[in-house]
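Structural characterization, general
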Amino acid sequence: MKKKWLIGGIILVSTLLLLYGTYEWMNARSFQLFGGVTDRVETEKKIVALTFDDGPTENAQEILSLLEEYDVKTTFFVNGKDLEENMEIGKEINEAGHQLGNHTYSHEPMVFKRYSFYKEEVQKTNELIRRTGYEKKIDFRPPYGKKLAGLPYYLKEQGMDTIMWDIEPDTYHTSSTGKVSFVAENIQPGSIILFHPMYMEVESALSTIEGIIETLSEKGYTFVTVDELQKEEQDD
Ligand SMILES: [Zn+2]
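Residues numbered from 1 in each chain as written. Predicted model: local features only at pLDDT ≥ 70, side-chain atom pairs only at ≥ 80, totals over all residues. Heavy atoms only, no water.

**Examining the overall build of the protein**
Helix and strand counts for the protein come out as 10 helices and seven strands. A compact globule built from 236 residues should have a C-alpha radius of gyration of about 18 Å, and the protein, at 19 Å, falls within 12% of that. The principal-axis extent of the C-alpha atoms belonging to the protein is close to 75 × 40 × 40 Å. Residue pairs in contact within the protein that sit at least 24 positions apart in sequence constitute 77% of those at least 6 positions apart. (Helix = DSSP H or I, 4+ residues; strand = E, 2+ residues; numbered from the N terminus. Rg over C-alpha atoms; globule rule 2.2 N^0.38 Å. Contact = heavy atoms within 4.5 Å.)

Pasting the structure below:
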């Protein structure tokens, strides 16, 4: 009888550990089973990448004007379904010299799905990004930061890098000032900042972006695209 309980206990604990392990693995920012994954870059230079997820929505147009005012280049990880509807905005992002990245077509979580689903989500979005006139290498960022094996395997086949982040102010703060000070406190050379400005009130999105640019510039930081940041990676 006792033995049965012991075996049952072992099975229960193992299952919990397995579930916990899968959860950690799915959300890991600096580990991935296949292909390259980057959450930040090792460098001594005070350069950082500001990245925007989702959309593009109409907010992007005002963001573009603000970025132009400060002469700052950023990276937009866009969803195919939104880009399809806002192709003109996509073209403006490209023409302004920002980086365009793939954030899937539908923004569904890219875990526990068929391989053909990952393929279609990524391919369709890459094609739409090319329609903006963007010619450089296309990086990928998974919705909700989630990935396991099927998606990374497909990305590796395509030679696409996964870009995560090391600073995410939206998770910890709702106010613009809170987000700006969170970024200022956690920033380090080589950081990748994740911000979601597309579905926010545009004033709040703009004041957060402006706050991040001004505060970090005062600290001596310069903003570059993810591509440029990766070129600065030090070989240890
Ligand atoms: Zn997203």
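Having seen the model, we can carry on.
**Focus on the packing of aromatic side chains**
If you walk through the whole model with that rule in mind, you get six aromatic pairs. Summarising the aromatic geometry, the rings of Tyr-115 and Tyr-154 are spaced 5.9 Å apart at their centres and angled 85° between planes, so their arrangement reads as edge-to-face. Of this pair, Tyr-115 sits in helix H5 (residues 115–131) while Tyr-154 sits in helix H6 (residues 150–158), placing them 39 residues apart in sequence. Judged by its relative accessible area of 2%, Tyr-154 is buried. (Phe/Tyr/Trp six-rings, centres within 6.5 Å; stacked < 30°, edge-to-face > 60°. Buried < 20%, exposed > 50% of the residue type's maximum accessible area, 1.4 Å probe, protein only.)

**Structural notes on the coordination of the zinc ion**
At the metal site, the zinc ion is ligated by Asp-54 (OD), His-103 (NE2) and His-107 (NE2), and these contacts range over 2.1 Å. Read in sequence order, the donor residues for the zinc ion give the motif D-x48-H-x3-H. Of the two residues, Asp-54 is situated in the loop between strand E2 (47–53) and helix H2 (59–70) and His-103 in the loop between strand E4 (99–102) and H5; the sequence distance between them amounts to 49 residues. Take Asp-54: its relative accessible area is 11%, and that puts it in the buried class. (Donors = N, O, S within 2.8 Å, 3.2 Å for Na, K, Ca; no water.)

**Notes on a nonpolar patch on the surface**
Taken together, the side chains of Leu-12, Leu-16 and Leu-19 make up a nonpolar region of the molecular surface, amounting to roughly 320 Å² of accessible area. Here Leu-12 shows up in helix H1 (residues 2–27). (Patch = residues over 30% accessible without salt bridge, like charges linked within 9 Å, V, L, I, M, F, W, Y side chains within 5 Å. Areas by Shrake-Rupley, 256 points an atom, 1.4 Å probe, with all protein chains shown as cover. Salt bridge = Lys/Arg side-chain N within 4 Å of Asp/Glu carboxyl O.)

**Notes on the UniProt feature "domain: NodB homology" (unreviewed entry) in the protein**
Residues annotated in UniProt with the feature "domain: NodB homology" (unreviewed entry) correspond here to residues 46–224. For residues 46–224, the helix share is 47%, the strand share is 13%, and the end-to-end C-alpha distance is 10 Å. (UniProt positions renumbered as here; feature names shortened; annotations may be inferred.)

**Examining unusual backbone geometry**
A cis amide bond, omega 10°, links Gly-55 with the succeeding residue Pro-56. Tracing the backbone through its elements, the reader meets Pro-56 in the loop between E2 and H2. Phi is positive for His-107, close to 70°, though the residue is something other than glycine. Take His-107: its relative accessible area is 17%, and that puts it in the buried class.

**Quick look at the environment of Thr-174**
Inspection of the secondary structure puts Thr-174 in the loop between helix H7 (169–172) and helix H8 (176–186). It is 30 Å that separates the C-alpha atoms of Thr-174 and Glu-88, two residues lying 86 residues apart in sequence.

**Considering the side chain of Asp-139**
Structurally, Asp-139 is set in the loop between H5 and H6. Judged by relative accessible area, which is 0%, Asp-139 ranks as buried. Beyond its immediate chain neighbours, meaning those up to four positions away, Asp-139 contacts Phe-77, Gln-99, Gly-101, Asn-102, Met-160, Asp-161, Ile-163, Val-226, Asp-227 and Gln-230.

**Overview of the pattern of salt bridges**
Applying the stated rule across the entire model yields 12 salt bridges. Across the pair Lys-45 and Glu-232 runs a salt bridge, and its minimum N-O distance is 2.8 Å. Residue Lys-45 is located in the loop between strand E1 (37–38) and E2, and its partner Glu-232 is located in the segment after helix H10 (226–231); the two are separated by 187 residues in the primary sequence. Lys-137 is the salt-bridge partner of Asp-139, the closest N and O atoms lying 2.6 Å from each other. The exposure class assigned to Lys-137 is partly exposed, which follows from its relative accessible area of 37%.

**Focus on the nonpolar core**
Proteins that are soluble and globular tend to have nonpolar side chains buried together. Phe-76, Ile-209 and Leu-216 are the most contacted members of the largest nonpolar core, which totals 48 residues. The element contributing the most residues to this core is helix H9 (residues 202–218), with seven residues. If we ignore the near neighbours within four places in the chain, the residues touching Leu-216 are Val-48, Val-183, Ala-184, Ile-187, Ile-193, Tyr-221 and Phe-223. By size, the runner-up hydrophobic cluster in this structure holds 13 residues, among which are Val-37, Phe-77, Ile-192 and Val-226. (Core = buried A, V, L, I, M, F, W, Y, C linked by side-chain atoms within 4.5 Å.)

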